[in-house]
Every structure is written in C-alpha cells, then in structure tokens.
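Residue-level structural notes
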Amino acid sequence: MGQAATQPSTDWHVKENGREHHTSKFSSKELVVRRGQAFVITFNGIEQPEQTLTFIAETGPKPSKQAKTLATFGISSTASKESWSAVLQSTSSNSVSVSISSPPNAVIGRYKLSVQSTSTGSSSPEALGTFVLLFNPWSSGDDVFMPNKAECEEYVLEEFGIIFAGNSYHINSFGWNYGQFQADILNICLAMLDRSLNYRQDPATDVSHRHDPKYLGRVLSAMVNANDDQGVVRGNWSGNYEGGKSPSSWTGSGEILQNWKQSGFKPVRYGQCWVFAAVLTTVLRCLGIPTRTVTNFSSAHDADGNLRVDEFYDASGNHLNEGADSVWNFHVWNESWFSRSDLGPSYSGWQILDATPQEESGGIYQCGPASRNAVKEGDVDLDYDCPFVFAEVNADCMYWNYDPATRKKTLLFNKSTVIGQLISTKAVGRDDRIDITSDYKYEEGSKKERDTFKKARKKLGLEDKFDPTAPTPKEIEQKPDISGRFKMAGPLEVGKDLDLILVLTNLQSEVKSVNVNMTAWSTMYTRKPVREIWKDSLSVSLSPEEEKHFPIKISYAEYQQQLTTDNAIEVTALCNVEGGIQVLVQRHIALDNPAIEIQVLGEAKVNKEVDVEVVFTNPIDIEVKDCVLQVEGSDLLRGILKIEVPPLKAREISSMKFKLTPFETGSKHLLVNFSCDKFADIKAFKTVKVID
C-alpha cells in the first residue's frame with residue numbers, strides 16, 4: 001500500500017481551538033494554542049489504520065528529545081499530563097480527528113507537526129503543518145498559572161493600558177495601545193527570541209530553555225533595548241531626537257515592533273523608560289506571560305550599588321550633574337507573574353523585569369526577574385538584580401553642597417523616606433490607578449522598613465561603611481535653624497504662568513538673617529538639568545518662630561523655549577543662614593498639557609462607519625503651527641491614522657473629524673496624540689462601546 005497518494009490536508013479548527021485556548025484575538029491564519037491543554041485537528045489523505053499513526057512535534061533548529069524540543073507520540077486512550085499525547089476523536093473513511101495535548105512545561109514557540117504510519121515501516125513522515133504554542137496562565141500546571149480569571153483577562157488579553165507619569169506631587173497618565181494581537185506581532189515576538197545573543201551563541205540550547213518564563217523574561221528584557229544586540233528600541237535621554245521620533249510621541253507598541261521588522265531589524269529611534277516597559281508588556285502578553293506596566297515615583301538609580309543616591313548642588317542652588325547616581329521623577333518597569341522554582345514558593349508571584357538600559361547585569365543591559373517579595377523582605381542576595389531594584393524603591397538620599405573649584409563636598413542633609421513613592425499600576429478591568437507601594441516595602445519610616453534596609457545593607461557587606469542614619473558625622477548633628485518649602489499657587493499647565501510661594505519658617509527663638517539663591521531649570525523626567533529658566537536671590541530677616549511667604553512668578557514666555565517634551569521643571573532655593581547650616585528647598589514640577597476632547601458622534605457598530613470629532617483649543621496668545629493628529633485603537637482602525645491640521649490662531653478652536661469602522665464588538669479604546677510647535681504630544685483616550 002505504501003504512502004498515501006495525496007499529501008494530507010489538515011483542518012486546524014482555528015476558530016474552535018482559539019475559543020478554548022483564549023487565542024481567538026490573534027489575527028493569524030495559523031493555529032495558536034496554549035501549552036498543557038488539548039486542541040483538536042482533523043486531517044485526511046492517510047489510508048493507514050489510525051492505531052498505527054505516530055505524531056512528531058518539533059521546534060527549533062536542532063530538535064532533540066533530550067532538549068525537549070522533539071516529541072514523538074502515538075494514539076493513546078487518555079491524554080497525558082506529563083508528555084505530548086494524542087487521543088482519537090473520530091474517524092471516517094479517509095479522515096482522522098485527534099485531540100493533541102502538550103505538557104504544561106513544554107517549550108513555547110512555533111512547532112512543525114508531522115504524522116507517520118508505522119504499519120508499513122518504510123513510510124517517511126508527512127507534514128501536517130505548523131502551529132504556535134504559548135504559555136498558559138489558565139492551566140494550573142503552568143509556571144505562569146494565574147488563578148484569578150479577571151486578572152488573566154487584564155494581564156494577558158487586554159490590549160489597552162494606562163501608564164502613569166509626572167511626579168510624586170502631581171501624577172498624570174496616558175493611554176497606550178499594547179496591541180499584542182495585531183497582525184504579525186506574534187511573528188515579530190518569535191523573531192525577537194531568535195535574534196537574542198543567547199540564540200546567536202547556541203541556538204539549540206536557547207530554544208530548549210524556552211519553557212521557562214524567568215529565562216524568557218530576562219532574554220526579552222535585553223532584547224527590547226538596542227544596547228547589546230540590535231534589539232528593538234534605541235534609548236535617548238538627550239532632549240534631541242533628530243533622526244527618529246521623540247519618545248513621548250508614540251501611542252502604542254504595534255508601530256514600534258512593525259518598524260523594527262520592516263527596517264530589517266534596525267533599532268527603532270527613540271525610547272525612554274515607559275516605551276521600553278510598554279513594548280515588553282506587549283511581547284510578554286503576546287507570548288502568554290501575565291504582565292503589567294508599573295510606575296515608581298522618585299525612583300533611584302543607584303549606580304555604585306551602595307543603596308544610597310547622592311545629589312549635588314552648588315552655592316547658587318543649581319542641581320549639578322556630579323556622580324553617576326540619579327533620582328528620576330518616575331521610572332516605569334514591568335511585573336510578570338510566574339513561579340520561582342529556583343528560589344522557592346515564597347518568592348513566586350510578581351517578578352520585576354526592566355528593559356530600560358540603566359546598568360549592565362551579567363555583562364549586558366538586562367534586568368530581572370527580581371522577585372517582588374525578595375525586594376520587600378530585603379533579600380537582595382537572590383537572583384536577579386535584587387539590589388538594583390531594592391535601591392530604586394528604597395535607597396537613602398544624600399544631599400550635598402559641592403564646590404567644583406575645591407572639590408569639597410558638605411552634606412546638607414539626608415532623607416530615608418523620599419525614594420520609591422506612590423508605586424502605581426492600572427486597576428484590573430477599570431481605567432483607574434492602584435497604589436502597590438506596600439507590596440514593595442514596609443511603611444516608610446517604620447521600624448520594620450528600617451530593619452529591612454539594614455538587613456539589605458548587611459547582605460551586601462555594607463554594614464561597616466558610612467551609615468547615614470548613625471549620628472556620627474558633624475554635619476548631621478547640627479539641626480537647621482529654618483525650614484522651607486515651595487507651595488504651588490496656580491495651575492500647572494503648559495502655556496500658563498507658574499505661580500509659586502516660597503515659605504520660610506524660623507525654627508529658633510532668636511532672629512535669623514537668611515540669604516536665598518533661587519534657580520529654576522527645565523529638566524528631563526530623569527531630573528537631568530537641561531536649560532536654566534530663571535534665577536533670583538533675596539535677603540530676609542525672620543523674627544523668632546516667624547513664617548514668611550515670598551511669591552514667585554515664572555512667566556510662560558520665560559520657560560516656553562526651555563521646556564523639554566517631559567514638561568518638567570526643578571525649582572531650588574539654597575538658603576544660607578547666618579551662623580547656621582545651609583538649607584536646601586527643592587520642588588519638582590510636572591506641567592500638564594492643555595486638554596483635548598474626543599467625541600464619538602453616533603453609535604459604534606461592527607463594520608459600520610462612525611464619525612469621531614477631536615476638539616483642541618489653542619490656549620495661548622500666539623499662533624500654533626505644524627499641527628498633526630495621530631489616532632490609533634485596536635479593533636477600531638487598522639494601523640495609525642495621521643491627519644495634518646492647519647495652523648491655529650491665538651485662542652482658536654480646531655475641530656478635527658475622521659471616520660472609524662470598528663471590526664470587533666466590546667469595550668474598545670481610541671487613543672489620540674496631538675502635536676504642534678508649542679505643545680508636544682497632547683494625549684487623550686476614549687472608551688468606545690462597539691455593538692453588533
């Protein structure tokens with residue numbers, strides 16, 4: 001009888017399997033399924049008795065049983081929990097339906113499936129085709145199993161996210177289209193794995209590790225930045241984004257990943273932390289690892305690993321770029337959900353991954369997975385990169401006065417409570433912010449938090465070094481004679497004047513004379529000073545225990561040219577108290593862009609056109625030019641819509657209209673980004689309910 005005369009044709013039951021495997025949102029014709037769960041296929045053109053059939057599933061460049069990248073299995077009566085298996089569903093004269101199951105720890109990726117008949121002994125395997133196998137957070141045997149179904153929906157299937165930014169005084173947020181189910185994104189994510197350094201060095205070994213979410217998370221944290229491996233996004237914190245797009249102009253990951261592939265895998269220019277984090281969320285959700293984007297405010301970048309960050313100021317109160325440490329207004333990273341077989345069950349759950357290239361780990365720019373529980377407990381001796389993450393949320397901050405001429409530095413004061421505030425992520429199923437700070441550390445200032453900090457220092461062998469909390473150094477013993485703070489007295493909006501009040505209080509019972517040097521600088525969100533905006537000085541005499549208020553106005557005309565796309569300003573007042581120690585007063589200001597309104601004019605129905613109007617009012621007394629509106633939204637429009645808008649005179653209102661044709665029902669999000677020469681990247685989003 002020999003081989004069947006015709007090549008077998010395979011029905012992959014893409015729709016039915018997709019429904020069962022939570023993969024129906026993928027736009028590919030190829031079957032996409034999750035490991036540890038059965039899927040049904042039907043094929044014909046095989047004329048052998050079905051009992052004699054053997055299936056071969058293989059992945060990677062050198063499939064082998066030992067590496068678990070090759071499996072051969074016959075038909076059995078029940079599905080196996082531990083290995084690949086096939087159970088007969090039905091047969092007719094010329095077709096066979098089987099239910100195929102993979103083990104819950106199978107290697108993920110694209111598989112080739114073939115079938116061979118053993119009855120003749122001589123026939124070679126016949127290809128049935130390919131399918132893609134992903135992680136399965138719905139299956140209790142999988143490392144990424146997430147028992148809460150609503151969380152699975154959010155952290156694997158939701159294509160819309162909210163990213164929090166601004167600073168700890170003033171949080172703002174913007175929408176992001178993760179778009180993990182958009183056309184070709186799955187292929188790009190698989191291509192990313194095959195372009196990693198690990199794959200280039202040893203493809204077979206790399207593929208054999210792809211069953212392990214902690215391995216993949218670490219590899220992808222390196223691949224999302226371009227630093228070592230021609231990865232996806234090139235970072236740029238210079239404020240000059242020529243030759244690419246400003247990091248704040250992106251509204252979703254799809255465009256970035258598509259650009260990377262279309263350019264022949266050249267790094268996409270440019271990204272900053274939220275772009276790296278959002279792209280990593282897209283890739284991990286796409287592959288089936290539950291992932292979310294997390295923002296840490298007043299985030300420390302501890303370059304020298306001593307759990308301390310040093311900030312330097314000159315005699316005029318200017319923030320100096322001295323030393324490698326820094327504190328960012330905010331920093332965005334990822335949390336992914338999986339178990340830690342390497343560390344034990346108490347360290348399972350949320351794991352921190354960070355694709356922003358800050359410090360090398362194992363010789364390349366990658367970070368994590370650091371167990372969030374390990375960070376909270378100060379177990380900084382555990383893999384991976386726990387000390388770095390611990391410092392980001394809990395370093396002590398040292399403020400120094402530095403004289404560049406003599407290189408002399410004097411400690412002004414230290415604070416153990418400023419780093420790691422308001423750690424935020426999007427709520428499950430709602431467009432709200434939830435605060436998860438208490439999952440990263442014990443209450444700031446509590447004994448438990450200080451004990452954990454000391455435990456962490458001890459584990460890193462730092463307990464003998466200078467401990468800022470010990471009352472030895474002379475500078476710390478001196479108590480300041482005055483205290484100061486900046487109060488905001490008006491709106492924080494680009495285009496409006498900035499009104500602040502410097503409040504100084506004499507803490508002593510005798511008169512104090514104070515000379516105050518004040519400066520304001522535009523900064524990056526990393527607090528890197530960019531351009532001086534304003535400076536002033538004043539001399540005051542404070543009566544015993546007196547509080548005085550000094551109004552400060554910085555006009556829009558003064559700061560307009562100096563502002564970066566981060567809309568961030570740092571104001572400092574260095575107070576020289578006669579006969580006492582210097583006092584530094586600082587305030588980081590995050591300005592909001594003016595508002596933009598989105599109206600959906602009518603009912604949104606599948607495959608029916610609906611009109612949308614976006615309204616922007618120019619809030620300033622000057623014409624704005626080079627206006628561009630960019631629109632995107634998964635299931636609402638394919639790709640990105642760009643509309644050039646005529647210039648707007650002072651105070652003029654612009655109404656921009658376009659049409660949408662939604663192609664899926666449900667609650668969808670439309671994202672808009674409006675830019676012009678005076679306002680960069682004004683973002684808004686609108687929930688659109690699409691009905692049948």
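Residues numbered from 1 in each chain as written. Predicted model: local features only at pLDDT ≥ 70, side-chain atom pairs only at ≥ 80, totals over all residues. Heavy atoms only, no water.

Notes on the layout of surface pockets
Gaps left between atoms are located by rolling a probe of water-molecule size over the structure's atoms. Here the largest pocket defines a volume of roughly 820 Å³. Residue assignment for the lining of the largest pocket shows that the elements contributing at least two residues are helix H1 (14-21), strand E2 (31-34) and helix H7 (253-262). No other element matches the 4 residues that H1 contributes to the lining of the largest pocket. Residue composition of the lining of the largest pocket, by class: 9 nonpolar, 13 polar and 12 charged. (1 Å grid on protein atoms, 1.4 Å probe; cavity = no way out; pocket = protein on both sides within 12 Å on 5 of 7 lines; lining within 4 Å. Points joined across faces, edges and corners; volume = space filled by probe spheres on them. Helix = DSSP H or I, 4+ residues; strand = E, 2+ residues; numbered from the N terminus. Nonpolar A, V, L, I, M, F, W, Y, C, P; charged D, E, K, R; others polar.)

Some words on the environment of Ser446
Topologically, Ser446 is positioned in the loop between helix H11 (437-440) and helix H12 (447-459). Take Ser446: its relative accessible area is 21%, and that puts it in the partly exposed class. Only 2.6 Å separates the side chain of Ser446 from the backbone oxygen of Glu443, close enough to count as a polar contact. (Buried < 20%, exposed > 50% of the residue type's maximum accessible area, 1.4 Å probe, protein only. Polar contact = N/O pair within 3.5 Å; in protein donor to acceptor, adjacent residues only side chain to side chain.)

Looking at the sheet that holds strand E25 (residues 498-506)
Judged by pairing direction, the sheet is antiparallel, and its 3 strands sit side by side in the order E24-E25-E28 without closing on themselves. With partners counted over all chains shown, the strands left at the sheet margins are strand E24 (482-488) and strand E28 (547-554), one partner each. Shown here is a sheet whose adjacent strand axes are inclined to one another by a mean of 20 degrees, direction ignored. Sheet analysis places E24 next to E25, joined by 7 bridges and oriented antiparallel. (Pairing = 2+ DSSP bridges. Axes fitted to C-alpha atoms, helices over the stretch in contact; angles between N-to-C directions.)

Points about H7
The element H7 is extensively covered by neighbouring structure, given that 7 of its 10 residues are classed as buried. Those residues of H7 not exposed but buried are Ser253, Gly254, Glu255, Ile256, Leu257, Gln258 and Trp260. Taken from the residues just after H7, Gly264 is the one with a positive phi, measuring 75 degrees.

Brief notes about the sheet that holds E2
Strand order in this open sheet of 9 strands is E1-E3-E7-E6-E5-E4-E8-E9-E2, and the pairing throughout is mixed. Of all the strands in the sheet, just strand E1 (9-11) and E2 have a single pairing partner and so form its edges. Recorded for the sheet is a direction-independent mean angle of 35 degrees between the axes of neighbouring strands.

Here's the deal with the UniProt feature "active site" (unreviewed entry) in the protein chain
The UniProt record annotates "active site" (unreviewed entry) at Cys273, His331 and Asp354. Across 82 residues of sequence, these annotated residues stay compact in space, with a maximum C-alpha separation of 9.9 Å. Structurally, His331 can be placed in strand E17 (residues 326-338). A residue is classified by how much of its surface remains accessible, and His331, at 0% relative accessible area, is buried. With residues up to four places along the chain from it excluded, the contact list for His331 reads Cys273, Val294, Thr295, Asn296, Ser299, Asp354, Thr356, Gln358 and Glu392. When you line up the elements, Asp354 lands in the loop between strand E18 (349-353) and strand E19 (370-371). We classify Asp354 as buried; its relative accessible area is 2%. In contact with Asp354, not counting residues within four places along its chain, are Ser221, His331, Val332, Trp333, Gln366, Cys367 and Glu392. (UniProt positions renumbered as here; feature names shortened; annotations may be inferred. Contact = heavy atoms within 4.5 Å.)

Remarks on the side chain of Thr291
With respect to the secondary-structure elements, Thr291 resides in strand E14 (residues 291-301). If we skip the residues at most four places from it in the chain, Thr291 touches Tyr155, Thr281, Leu284, Arg285, Asn334, Glu335 and Ser336.

Here we look at H1
Where H1 is concerned, the buried positions are Asn17, Gly18 and His21. Projection of H1 onto a plane perpendicular to its axis shows the buried side chains occupying an angular sector of 105 degrees, all on one side. Exposed and oriented more than 90 degrees from the buried face of H1 are Lys15, Arg19 and Glu20. Buried residues in H1 make contact with E2 and strand E3 (39-44). (Arc of directions from axis to C-beta.)

Structural notes on the packing of aromatic side chains
Using the criterion set out here, one finds 29 aromatic pairs in the structure. Taken together, a centroid distance of 5.2 Å and an interplanar angle of 90 degrees make the contact between Tyr155 and Trp350 edge-to-face. Placement of Tyr155 in helix H2 (residues 149-157) and of Trp350 in strand E18 is noted, with a sequence separation of 195 residues between them. Of the aromatic side chains, those joined through ring pairs into one cluster are Trp12, Phe39, Phe43, Phe55, Phe73, Trp84, Tyr111 and Phe131. Against the face of Trp250 rests Lys245, its NZ or CZ located 4.4 Å from the ring centre. For the cation-ring pair, Arg587 lies above Tyr169, with the distance from its terminal atom to the ring centre recorded as 3.7 Å. (Phe/Tyr/Trp six-rings, centres within 6.5 Å; stacked < 30°, edge-to-face > 60°. Lys NZ or Arg CZ within 6 Å of the ring centre and 35° of its normal.)

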